[in-house]
Amino acid sequence: MKFTEGPEIRDTKAPAGPIEERWEKRKFSAKLVNPANKRKLNVIVVGTGLAGGSAAATLGELGYNVKSFCYQDTPRRAHSIAAQGGINAAKNYRGDGDSIYRLFYDTVKGGDFRARESNVYRLAQVSVNIIDQAVAQGVPFAREYGGLLDTRSFGGAQVSRTFYARGQTGQQLLLGAYQALERQIAAGTVTMHTRHEMLDVIVSDGRARGVIVRDMVTGEIERHLADAVVLATGGYGNVFFLSTNAKGCNTTAIWRAHERGAYFANPCYTQIHPTCIPVSGEYQSKLTLMSESLRNDGRVWVPLRKNDTRAPGDIPDEERDYYLERIYPAFGNLVPRDIASRAAKNVCDEGRGVGPGGLGVYLDFRDAIARLGRDAVEKKYGNLFEMYERITGENPYDVPMRIYPAVHYTMGGLWVDYDLQSTIPGLFVIGEANFSDHGANRLGASALMQGLADGYFVLPTTLGDYLAAGPFGDVDEEAVAEAEIKVRSKIDRLLAVNGTRTPDSFHRELGKLMWDYCGMERTEESLRKALERIPELREEFWQNVKVSGTAEELNQVLEKAGRVADFFDLAELMCLDALVRTESCGGHFRAESQDADGEALRDDEHFAHVSAWESTPDGPVLHKEALEYEYVKMTQRSYK
Amino acid sequence: MNLTLKVWRQNGPADSGRMVTYKVEDVSPDMSFLEMLDVLNERLILEGDDPIAFDHDCREGICGMCGMVINGVAHGEQRATTTCQLHMRHFEDNATITIEPWRAAPFPVVKDLVVDRSAFDRIIQAGGFVSVPAGSAPDAHSIPVRKEDADAAFDAATCIGCGACVAACPNGSASLFTAAKITHLSLLPQGQPERLSRAKAMVDQMDAEGFGGCTNTGECTAVCPKGIPLDTIARMNTDYLKANAK
Ligand SMILES: Cc1cc2nc3c(=O)[nH]c(=O)nc-3n(C[C@H](O)[C@H](O)[C@H](O)COP(=O)(O)OP(=O)(O)OC[C@H]3O[C@@H](n4cnc5c(N)ncnc54)[C@H](O)[C@@H]3O)c2cc1C
Ligand code: SF4
Ligand code: FES
């Protein structure tokens, strides 16, 4: 795939000066909107997960006139609901030496020095307010007997800064945001449109001024205009078909904004989570995450010998390889996600994997049960064990769990500046949909933090600054009509093919291709193969897909087909981005770039930048944004 | 496994609907119930038929979006399980399985197994929140909460809003859902100032939506995938009575 290089991005709008003061400075310099004018300003928020829900509720309360959209039947079901482990905040309630600076430091290092310092510092600062906000809303976080909040530690950090609500932290935080949102709906400041899918952004006079949506029940195509548009539409991990994401997660909203001019940053950074239940058959529709906390007590191993088909209990200790403890004696089973995932892949590639197809490793509680007793293990992990048994039909108290890495989170997304504004003025992007804070890897418990920081605290300030220049007057009717026609013709085209393969069968094939060639490990050769194969498969899709039903009804096949079509285009850009980045970092492992021990080898001299892709009729254009580290010294990550 | 499915098909709210029989073959016992339907739907699409519409998203038992009445029981016979977490190994080979949507007047059928549960959102809009402004909350440690209270509040807060309780109730009551929400907030100090007005507003809204009254049959808690207990309803009733006595 051909691409050209365009001018560098030089200004990210972050204020200069000491890092601790930048956000204060930005807040102070932001223009305020007179309360009487707020009502006249219309804002569209697409997505009602933690990012969108918190943003719409806050903007509504500030007095703006907000319209909110989601594709589920109610905002409370957004994918954020599934987050299990917890949310980080630099509260230092434990007095174990945590601080804003330390959370900032850990996050920049965890992201393999591919995140922006200013953004991450702000995230750490704001994290403290998130917990206060959620508690005031009635989010039932875990408590100590003294009535104070409990915390735990999480992969990649040595302090206890993760707040949690049993294994359902995302659910409880989302219900908090949802309830705040429903309160605004009742107050009339937010109008909610559920079962509506956004299919295009309206750009008029160079500004984002609205969206085209499809009512998923009647099929009606609607236009909604506003003074600014916020995308909070989540990640695109489902490009791999199998992932831990909810089935509906997709890329359509951000992809179509990309086609309208928004740059797409670091598309190739995909986080793979090491502890998921392995694939069991061809029909499988998604992968289920087993909480990372299991690795606190479970020990990971595979047989020493290849193709050892004995039952795990029949393999004596001397014939087991506790490979994480062996290779990483300092962190052992608790190494970060990218490291644990790749190690599992390596032992399976050697032919030592267990379970069907040899794609699995054991997560064994035998020693924990012997040490702590079955009751204690049950108290700590009982619900997870039950979930495992429900899905696999095996009892993990008796036989070790089998786990394998799976696609989990996408660090890439639309490029935004310090104000969370994309390269289209008036189009803001928050939560997993943007690229901003995580770099090449995301530490556990930091996505929830980012989504809520963006929605409750950052966006309401920076969007206000933008809106202070509004209202922006009439929208160009031609721009609206053009967007509407584009949406309709795509739908008509999908329905007209009437071929012999279902959208799902294409999605499955594309996903497998991406996993094999652009997954946990990439090589120049694999990426070139993918870049050859994807256009062929896309061509076949447009020749041979079968979409039943009509456009004027609830039509889940049509919805699916539209999303798969966008995944093809995104997949191609992901592979291109991965091909160009000839270094390894975080979730991006180029096999050509590793050290003598097989660890990821970064190339700071050539790649300490964000890759922001522009879509043009002549193909993609790469803009680089240099990353400068003034406060954290770039070092090789080592967990040995 | 080979199965016979009797599935409720309904084109839209105006259509009267009917049961249609399908045979599915080569079902793996490891499939989830929804994956089994996916396989059937793939076939229907290729045969030029309309696939069966059903709601789902997380497929992890947490979003509350899936839901169907399986052999007469909301989410199927297995206790404390959502439809997406139900696996085919719990069915006999050659079994006949009937599949229907939630049936309750306030949950109109949108298409096939998809129903409109927006009445639940309107119950929350009536008062299912703490009125706290964004951006200026006091330090979280300034409000200690007894661990027992926090745990009990959490237990109630785990309701996923699926609506199985309504579908199972002979009166079509939404009491378990509403009570779970009221109980969650009423057990926490943050929820106290609006406690009684909240209970009143939410219960009144529940009635206005056309949900039936609770006669303590307990069908709701039996099918609830999150095991929300009946005593939440007693708590709701107490607060409601107090609110009306004021
Ligand atoms: C199983 C699991 C466990 C996790 N655990 C943790 C954890 O413990 N800690 C942590 O920090 N992170 C965790 N994460 C990651 C975290 O949950 C997500 O990154 C985060 O919730 C994303 O939030 P969001 O608001 O950006 O998007 P989402 O919650 O994905 O919301 C997207 C919203 O956009 C809407 N939408 C999308 N496209 C359109 C469209 N075209 N038109 C209209 N609406 C649209 C959807 O309806 C939805 O409302 C976990 C993720 C998974 C999968
Ligand atoms: S109370 Fe139980 S059955 Fe009813 S909506 Fe909540 S989780 Fe579903
Ligand atoms: S699909 Fe989310 S609970 Fe079943």
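The name that an unreviewed UniProt entry assigns to chain B is Fumarate reductase iron-sulfur subunit, with the source organism given as Nonomuraea angiospora. The Sequence similarities (unreviewed entry) field of the UniProt record for chain B holds the comment "Belongs to the succinate dehydrogenase/fumarate reductase iron-sulfur protein family." The Catalytic activity (unreviewed entry) field of the UniProt record for chain B holds the comment "a menaquinone + succinate = a menaquinol + fumarate".

An unreviewed UniProt entry annotates chain A as Succinate dehydrogenase / fumarate reductase flavoprotein subunit of Nonomuraea angiospora.

Q: Requested: an account of the side chain of aspartate 132 of chain A, with residues and values cited.
A: Checked against the element boundaries, aspartate 132 of chain A lands in helix α5 (residues 117–137). Overall, aspartate 132 of chain A belongs to the buried group, its relative accessible area being 7%. In terms of polar contacts, aspartate 132 of chain A uses its side chain to reach the side chain of lysine 91 of chain A, at 2.5 Å. Residues in contact with aspartate 132 of chain A, not counting those within four places in the same chain, are Lys91 and Tyr93 of chain A together with Ala137, Pro138, Asp139 and Ala140 of chain B.

Q: An account of the site of ligand 2 is needed here, citing residue identities and associated values.
A: All names here are of chain B. Neighbouring ligand 2 are 13 residues, the closest being Cys159, Cys162, Gly163, Cys165 and Cys224. Listed by contribution, the elements that provide at least two residues to the shell around ligand 2 are α4 (164–168) and α5 (175–186). Classifying every residue of the shell around ligand 2 gives 11 nonpolar, two polar and no charged.

Q: Help me get a handle on the site of ligand 1, residues and values and all.
A: Surveying the vicinity of ligand 1 reveals 38 residues, the closest of which are Gln72, Ser80, Gly85, Met198 and Glu432 of chain A. Neighbouring residues of ligand 1 are distributed over chains A and B. Within the backbone of glycine 86 of chain A, a nitrogen or oxygen atom sits 3.0 Å from a nitrogen atom of ligand 1. Between ligand 1 and leucine 448 of chain A, the relevant distance is 2.8 Å, taken from an oxygen atom to a main-chain nitrogen or oxygen of the residue. Computed on the free molecule, ligand 1 has an accessible area of 1,000 Å², of which 98% lies beneath the protein chains in the complex. Where the shell around ligand 1 is concerned, the elements lending two or more residues are α3 (50–62), β8 (196–204), β17 (401–410) and α12 (447–467) of chain A. Broken down by element, the residue count for the shell around ligand 1 peaks at three residues, all from β8 of chain A. Taken together, the residues of the shell around ligand 1 break down into 17 nonpolar, 17 polar and four charged.

Q: Before we move on, could you go through empty space enclosed by the protein and cite the residues and values that matter?
A: This structure, assessed with the given rule, holds 13 cavities of 30 Å³ or more. Considering only enclosed or pocket space, the second largest cavity measures out at about 710 Å³ in volume. Gln556, Val557, Glu559 and Lys560 of chain A together with His56 of chain B are the residues nearest the centre of the second largest cavity, which is lined by 42 residues in total. In terms of residue count, helix α16 (residues 556–580) of chain A provides more of the lining of the second largest cavity than any other element does, six residues in total. Here the residues of the lining of the second largest cavity sort into 16 nonpolar, 12 polar and 14 charged.

Q: Explain the pairing of strand β21 (residues 621–626) of chain A to me, using residue names and the numbers behind them.
A: Residues and elements named next belong to chain A. Bridge count for strand β1 (residues 4–5) against β21 is two bridges, and the pairing is parallel. Of the residues in β21, the one forming a bridge with threonine 4 is valine 621. Across six bridges, the pairing between strand β20 (residues 609–614) and β21 is antiparallel. When the sheet's bridge partners are listed, alanine 612 is paired in β21 with histidine 623. Between β20 and β21, which pair antiparallel in sequence order, lie six residues; one of them, glycine 619, sits at a positive phi of approximately 105 degrees.

Q: So what about the pattern of salt bridges? Which residues, and what values?
A: Under the counting rule described, the total for this entry stands at 82 salt bridges over all chains. Here aspartate 200 of chain A and lysine 486 of chain A are joined by a salt bridge, their closest N and O atoms 4.0 Å apart. One end of the pair, aspartate 200 of chain A, is in strand β8; the other, lysine 486 of chain A, is in helix α13 (residues 477–497), with 286 residues separating them in the sequence. Judged by its relative accessible area of 31%, lysine 486 of chain A falls in the partly exposed class. The shortest N-O distance in the salt bridge between arginine 89 of chain B and aspartate 30 of chain B comes to 3.1 Å. Here aspartate 30 of chain B lies in the loop between β2 (18–24) and α1 (33–46) and arginine 89 of chain B lies in the loop between β4 (73–74) and β5 (96–100), a separation of 59 residues in the sequence. Through salt bridges with shared partners, a single network forms among Arg299, Asp317, Arg320, Glu325, Asp364, Arg366 and Asp367 of chain A.

Conventions adopted
Throughout, a residue's number is its position along its own chain's written sequence, starting from 1. Following the order in which they are written, the chains are lettered starting with A and the ligands numbered starting with 1. In keeping with the predicted nature of the model, local features appear solely for residues at pLDDT of at least 70, side-chain atom pairs appear and are counted solely at 80 or more, and the whole-chain, interface and lining totals rest on all residues. Excluded from the side-chain calculation are hydrogens and water; included are all heavy atoms of the structure. UniProt positions are given in the numbering used here, feature names are shortened, and annotations may be inferred rather than shown by experiment. Only DSSP runs of H or I with at least four residues qualify as helices, and only runs of E with at least two residues qualify as strands; both kinds are numbered from the N terminus onward. Per-residue accessibility, obtained with a 1.4 Å probe over protein chains only, is compared with the maximum for each type, and a residue is labelled buried under 20%, exposed over 50%, and partly exposed between these values. Any pair of N or O atoms that falls within 3.5 Å is considered a polar contact. Within protein, one atom must be able to donate a hydrogen and the other to accept it, and sequence-neighbouring residues count only if both atoms are side-chain atoms. Contacts: residue pairs with any heavy atoms within 4.5 Å of one another. To be near a molecule or strand, a residue needs just one of its heavy atoms within 4 Å of it. Residue type decides the class: Asp, Glu, Lys and Arg count as charged, Ala, Val, Leu, Ile, Met, Phe, Trp, Tyr, Cys and Pro as nonpolar, and the leftover types, Gly among them, as polar. With residues, only the protein chains shown are counted as cover, and all accessible areas are computed by Shrake-Rupley using a 1.4 Å probe. Only protein atoms enter the calculation, which uses a 1 Å grid: trapped sets of points that fit a 1.4 Å probe without letting it out are cavities, open sets showing protein on both sides within 12 Å along at least five of seven lines are pockets, and any residue with an atom within 4 Å of a point is a lining residue. Grid points are joined across faces, edges and corners, and a volume is the space filled by probe spheres set on the points. Pairing between strands requires that DSSP locate at least two bridges from one strand to the other. Basic side-chain nitrogens of Lys or Arg form a salt bridge, by our definition, when they fall within 4 Å of a carboxyl oxygen of Asp or Glu.

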